[in-house]
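# Structural characterization, general
Each chain is listed here by its residues.
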Amino acid sequence: MCFTIPGKIIAINNNRATVVYAHESRTATIVTGTYAVEDYVIVQAEMVIEKVPKEQAEAWNEFLKHESP
Amino acid sequence: MASEKQAQILFLKYAFPCAGITLARGHITQDEFTLLKTALKKELPIPWETLERIFPPAWRRIFETAKILHTNPHSLDTIRTYYLEFHNAYIEKNDGSYRFAPPVLKELCRVERAPVREVQKNYYLVAIKKNIRPVSNFICPDAEEGTIVSVHYAYAIEKLDP
């Protein structure tokens, strides 16, 4: 699955992050960068690719109400 | 027909990284998402009407680009030119739903030309604006260190001339 929406990291073991969304969780590889539990992140292609500030993560839902980009 | 097939495949390569947003909005099902991914992996063309139904904003912009260029919107060159030369300008002017997009999303949605700095089994590390970003090699598996690739979200899309 490939949501392209922010999820929150709830655990990190070695280079694997567990990321939770509204209805599910998944694990993704941290390839590069520094991440911590509680960070909001974008996961794509099973990799953590970007950190998202909390206020932007919250704004994502408003964005999703509009047409596709 | 061969070039039409290539154009359909090229469009899907560039558009697929956005399908995650389309899925999150509920505009496509998980099964349709999986179908797109399978088509991409096997390089199977998807009919224009299906692609236009799933990615309507991209097609609106491609049609606008084709009108400016006086070219066929379904041609390989128009699709590539749209993504490489016109796509980011739509983001910068907050076209459509980009008006509501968080800055991180707008940054990830840009199509960038990026040199491959490191090749790993399933991904590349590419350099974008002095940052190193991991991108999947699922769509473009044959790049080497130093190759310039186009990047959309977390995917390398295709190799480009330097």
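So, here is what we can say about the structure in this document.

## So, the environment of A127(B)
By the secondary structure assignment, A127(B) is in strand 2 (residues 123–128). Spatially, the C-alpha atoms of A127(B) and Y82(B) are 22 Å apart, while their sequence positions differ by 45 residues.

## Regarding the pattern of salt bridges
Residues and elements named next belong to chain B. The final tally for this structure, using the stated rule, is 14 salt bridges over all chains. Across the pair E112 and K129 runs a salt bridge, and its minimum N-O distance is 3.6 Å. Placement of E112 in strand 1 (residues 111–119) and of K129 in the loop between strand 2 and strand 3 (131–136) is noted, with a sequence separation of 17 residues between them. With a shortest N-O distance of 3.5 Å, K159 and D142 are connected by a salt bridge. Of this pair, K159 sits in strand 5 (residues 155–160) while D142 sits in the loop between strand 3 and strand 4 (148–152), placing them 17 residues apart in sequence. Taking relative accessible area as the criterion, K159 reaches 43% and is therefore assigned partly exposed. For D142, a relative accessible area of 45% translates into the label partly exposed. A single salt-bridge network, built from bridges that share partners, covers E92, E107, R110, E112 and K129.

## Brief notes about the packing of aromatic side chains
Within the structure shown, the criterion is met by 10 aromatic pairs over all chains. Taking 4.6 Å as the distance between ring centres and 35° as the angle between the ring planes, the aromatic pair formed by F11(B) and W59(B) counts as tilted. Placement of F11(B) in helix 1 (residues 2–15) and of W59(B) in helix 5 (residues 56–69) is noted, with a sequence separation of 48 residues between them. Ring pairs connect the aromatic residues F11(B), Y14(B), W48(B), F55(B), W59(B), F63(B), Y82(B), Y83(B) and Y90(B), which therefore count as one cluster. Cation over ring: R25(B) sits above F63(A), and NZ or CZ is 4.6 Å from the ring centre. Just above the ring of Y90(B) sits the side chain of K93(B); from NZ or CZ to the centre is 4.6 Å.

## Describing the nonpolar core
Counting 33 residues, the largest nonpolar core has V48(A) and W60(A) as the members making the most contacts within it. Elements that contribute at least two residues to this core include exactly strand 2 (16–20), strand 3 (25–30), strand 4 (40–44), strand 5 (47–52) and helix 1 (54–64) of chain A together with helix 7 (103–109) and strand 2 of chain B. If we skip the residues at most four places from it in the chain, W60(A) touches T4(A), I5(A), P6(A), I42(A), V52(A), I21(B), P102(B), V104(B) and L105(B).

## Concerning the sheet that holds strand 1 (residues 6–13) of chain A
Residue and element names in this part refer to chain A. Ordered in space as 1-2-3-5-4, the 5 strands form a closed barrel in which the pairing is mixed. Looking at each pair of strands side by side, their axes are set apart by 55° on average, direction ignored. Where strand 3 and strand 5 come together, 2 bridges link them in parallel fashion. For I30, the partnering residue across the bridge sits in strand 5 and is V48. On the sheet, helix 1 packs against strand 1, strand 4 and strand 5 and is oriented at approximately 105° with respect to strand 5.

## Here's the deal with the pairing of strand 5 of chain B
For strand 5 of chain B, a buried count of 5 out of 6 residues is recorded, marking the element as mostly surrounded by other parts of the structure. Linking strand 4 of chain B to strand 5 of chain B, which pair antiparallel, is a turn of 2 residues; within it Y153(B) sits at a positive phi near 50°.

## Considering helix 5 of chain B
Along its 14 residues, helix 5 of chain B runs 20 Å from first to last C-alpha, staying within 8% of the 20 Å computed at 1.5 Å per residue. Remark: H70(B) follows helix 5 of chain B within two positions and exhibits a positive phi of approximately 60°.

## Describing the interface of chain A and chain B
In this complex, chain A contributes 26 residues to the contact, which on the side of chain B involves 33 residues. For the pairing of chain A and chain B, the buried interface totals around 2,700 Å² over both sides, and the portion due to carbon and sulfur atoms is 71%. For the interface between chain A and chain B, the tally reads 0 salt bridges. On inspection of chain A and its partner chain B, the count reaches 5 residue pairs in polar contact (both at pLDDT 80 or more). Counting only elements with at least two residues in the side of chain A that touches chain B, the list comes to strand 4, strand 5 and helix 1 of chain A. A per-element tally of the side of chain A that touches chain B places strand 5 of chain A first, with 6 residues. When grouped by side-chain class, the residues that make up the side of chain A that touches chain B number 17 nonpolar, 6 polar and 3 charged.

Reading the values: rules and limits
Note that residues are indexed from 1 along each chain, following the sequence as it is written. Naming scheme: in the order in which they are written, chains are lettered from A and ligands are numbered from 1. For this predicted model, a pLDDT threshold of at least 70 governs which residues receive local features, and a threshold of 80 or more governs which side-chain atom pairs are given and counted, while totals over whole chains, interfaces and linings are taken from all residues. The side-chain values count all of the structure's non-hydrogen atoms but skip hydrogen atoms and water molecules. We count a stretch as a helix when DSSP gives it H or I for four or more residues in a row; a strand needs E for two or more, and each element gets its number in order from the N terminus. One side-chain nitrogen of Lys or Arg within 4 Å of one carboxyl oxygen of Asp or Glu is enough to make a salt bridge. Here the term buried applies to any residue with accessible area under 20% of the maximum for its type, exposed to any over 50%, and partly exposed to those in between, with areas from a 1.4 Å probe on protein chains only. Any two rings among Phe, Tyr and Trp, with Trp reduced to its six-membered ring, count as a pair given centres within 6.5 Å; such a pair is stacked if its planes are under 30 degrees apart, edge-to-face if over 60, and tilted if neither. Note on geometry: a ring has a charge over it if NZ (lysine) or CZ (arginine) is within 6 Å of the ring centre and within 35 degrees of the ring normal. To qualify as a nonpolar core, a set must consist of buried Ala, Val, Leu, Ile, Met, Phe, Trp, Tyr and Cys residues joined through side-chain atoms within 4.5 Å. For this analysis, residues touch if any pair of their heavy atoms sits within 4.5 Å. Strand pairing follows a simple DSSP-based rule, namely that at least 2 bridges must link the two strands. Between the N-to-C directions of two axes lies an angle of 0 to 180 degrees, each axis being a line fitted to C-alpha atoms and, for a helix, fitted only over the stretch in contact. An expected span of 1.5 Å times one less than the residue number is assigned to each helix. Here the quantity called buried area is the total loss of accessible area, with a 1.4 Å probe, experienced by two parts when brought into contact, counted for both. In protein, a polar contact requires one atom able to donate a hydrogen and another able to accept it; more generally it is a pair of N or O atoms within 3.5 Å, and residues adjacent in sequence count only if both atoms are side-chain atoms. Charged means Asp, Glu, Lys or Arg here, nonpolar means Ala, Val, Leu, Ile, Met, Phe, Trp, Tyr, Cys or Pro, and polar covers whatever is left, Gly included.

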